[in-house]
Amino acid sequence: MKKKLLVLCSVLMIAAMAVALTACGGKSGGGDTPAPAGSGADSGEAKTLSMATNAAFPPYEYMEGNEYAGIDIEIAKAIADYMGAELVINDVEFGSIIGGVQSGKYDMGIAGMTVTEERLQSVNFSDTYSTGVQVIIVKEGSTIASVKDLADAKIGVQMDTTGDIYCCGDFGDDHVTEFKTGADAVQALITDKVDCVVIDNEPAKSFVAANEGLKILDTAYTVEDYAICIAKDNEDLLNTVNAALKDLKASGKLDEIISKYIN
Ligand code: ARG
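What counts, and at which threshold
Residues numbered from 1 in each chain as written. Predicted model: local features only at pLDDT ≥ 70, side-chain atom pairs only at ≥ 80, totals over all residues. Heavy atoms only, no water. Near = heavy atom within 4 Å. Polar contact = N/O pair within 3.5 Å; in protein donor to acceptor, adjacent residues only side chain to side chain. Areas by Shrake-Rupley, 256 points an atom, 1.4 Å probe, with all protein chains shown as cover. Nonpolar A, V, L, I, M, F, W, Y, C, P; charged D, E, K, R; others polar. Salt bridge = Lys/Arg side-chain N within 4 Å of Asp/Glu carboxyl O. Helix = DSSP H or I, 4+ residues; strand = E, 2+ residues; numbered from the N terminus. Buried < 20%, exposed > 50% of the residue type's maximum accessible area, 1.4 Å probe, protein only. Pairing = 2+ DSSP bridges. Expected span 1.5 Å × (residues − 1). Axes fitted to C-alpha atoms, helices over the stretch in contact; angles between N-to-C directions. Parallel < 35°, antiparallel > 145°, perpendicular 65-115°, else oblique. Left-handed = near helix turned anticlockwise from the far one by under 90°. Contact = heavy atoms within 4.5 Å. Arc of directions from axis to C-beta. Disulfide = S-S within 2.5 Å.

Details of the site of the ligand
Around the ligand there are 15 residues in total, and Ala111, Thr114, Arg119, Thr162 and Asp200 lie nearest to it. Within the side chain of Arg119, one N or O atom sits 2.8 Å away from an oxygen atom of the ligand. Separating an oxygen atom of the ligand from a backbone N or O atom of Thr162 is a distance of 2.7 Å. Expressed as a share of its isolated accessible area of 350 Å², the protein-covered part of the ligand is 100%. Taken together, the residues that form the shell around the ligand break down as 5 nonpolar, 6 polar and 4 charged.

See the structure below:
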């Protein structure tokens with residue numbers, strides 16, 4: 001009886017390992033897939049891959065109960081699996097991700113993060129894995145109809161995001177109110193503290209779907225590339241992450257992850 005149970009347990013464990021790659025949520029990665037040759041990763045010893053994110057940015061990263069979920073979480077897990085490492089997720093303020101990666105506190109930052117010239121001064125970015133568009137959310141019936149109307153509007157943004165940086169640059173700091181999360185900015189729109197919110201399109205869709213009376217304007221503000229940031233002195237990890245991304249793209253796994261969250 002005991003033996004049977006043991007056999008059953010092993011079978012279940014193997015099955016669990018097989019689905020680990022496609023599993024969603026959870027705080028740790030699958031774990032012990034050996035690093036493919038040429039990935040630059042050491043084999044044998046147990047190791048971890050720590051990521052920093054800001055898990056209030058659906059569908060890229062968000063909480064589903066107590067579990068992390070979203071495109072970036074699954075991509076990070078797949079990269080950790082590729083490396084044979086255990087993924088450690090740190091949920092931090094968006095504006096502290098780059099500094100934390102730079103100082104070596106986290107191995108990488110993956111947070112729907114846009115590649116910008118300015119950020120490239122501080123960190124390296126992996127190959128891009130997704131595209132974002134800054135869009136404008138308004139209340140239904142709003143007089144704001146296009147980007148140029150933002151010049152007279154109170155704009156809500158998530159602090160330290162490209163939406164924040166571009167709006168401050170284009171319309172002046174006085175026009176921009178910064179919030180800790182995109183959801184807080186949307187809440188301020190609902191309660192008329194701001195006239196619109198500038199944020200990435202996919203989170204915008206999630207927020208509009210979750211709240212009545214909001215809409216996304218047809219006019220896009222900017223188009224951007226998302227990538228993973230890594231410390232400049234960690235070329236090895238940059239190469240490994242790019243190799244992992246290449247593998248995920250070639251196998252169709254990346255598309256599979258993205259289309260699970262975005263139609
Ligand atoms: N793409 C924008 C940027 O890089 C916003 C990203 C916000 N991400 C987040 N997880 N809150 O600035």
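Alright, that's what it looks like, and here's the rest.
Focus: the pattern of salt bridges
Side-chain pairs of opposite charge can arise where the charged atoms are in close proximity. Using the criterion set out here, one finds 6 salt bridges in the structure. Lys260 serves as the salt-bridge partner of Glu74, at 2.7 Å between the closest nitrogen and oxygen. On the criterion of sequence distance, the pair formed by Glu74 in helix α2 (residues 71-83) and Lys260 in helix α9 (residues 253-261) is long-range, its members being 186 residues apart. Note on Glu74: relative accessible area 3%, which makes it buried. Between Lys180 and Glu93 there is a salt bridge, with its nearest N and O atoms 3.6 Å apart. With Lys180 in the loop between β9 (176-179) and α6 (182-190) and Glu93 in the loop between β4 (85-91) and α3 (97-102), this residue pair connects regions lying 87 residues apart in the sequence. For Lys180, a relative accessible area of 52% puts it in the exposed group.

A word on the sheet that holds strand β6 (residues 123-125)
Spatial strand order, β4-β1-β5-β13-β6: 5 strands in an open sheet with mixed pairing. Either end of the sheet is taken by a strand with one partner, and the two such strands are β4 and β6. Bridging between strand β5 (residues 108-109) and strand β13 (residues 229-231) involves 2 bridges; their strand directions are antiparallel. In the sheet register, Gly109 faces β13, and the bridge partner there is Cys229.

As for α2
Because an α-helix packs 3.6 residues into every turn, residues spaced three or four apart end up facing the same way. Over its 13 residues, α2 extends 18 Å from the first C-alpha to the last, a length consistent with the 18 Å expected when each residue adds 1.5 Å. In terms of burial, α2 is a largely internal element, 13 of the 13 residues being buried. Gly84 occupies a position one or two residues after α2 and carries a positive phi of about 70°.

A few points about the packing of α2 against α9
Where α2 meets α9, the axes come as close as 9 Å, and the angle between the chain directions of the two elements is 160°. In terms of their interaxial angle, α2 and α9 are classed as roughly antiparallel. The handedness of the crossing between α2 and α9 comes out as right-handed. Residue-level inspection shows Ile71, Glu74 and Ile75 of α2 in contact with α9, the latter providing Leu254, Ile257, Ile258, Lys260 and Tyr261. Residues that form the contact of α2 with α9 fall into these classes: 6 nonpolar, no polar and 2 charged.

Section: α9
Turning to α9, its buried residues are Lys253, Leu254, Ile257, Ile258 and Tyr261. Down the axis of α9, the sector holding all buried residues measures 135°, keeping them to one side. Contact partners of the buried residues in α9: β2 (62-64), β3 (67-69), α2, β7 (130-139) and α8 (235-251).

A short note on the state of the cysteines
As enumerated under the stated definition, the model contains 0 disulfides in all. Free cysteine: Cys196, not disulfide-bonded; nearest cysteine sulfur from Cys167 at 7.2 Å. Judged by relative accessible area, which is 0%, Cys196 ranks as buried.

Considerations on unusual backbone geometry
Following Pro58, the chain continues to Pro59 via a peptide bond in cis, the omega torsion being 5°. Note that Pro59 resides in the loop between β1 (47-53) and β2. With a phi close to 75°, Asp160 is a non-glycine residue in the positive phi region. Note on placement: Asp160 falls in the loop between β8 (155-158) and α5 (162-171). Given a relative accessible area of 37%, Asp160 falls into the partly exposed group. For Asp192, which is not a glycine, the phi torsion comes out positive at approximately 65°. Its place among the elements puts Asp192 in the loop between α6 and β10 (196-200).

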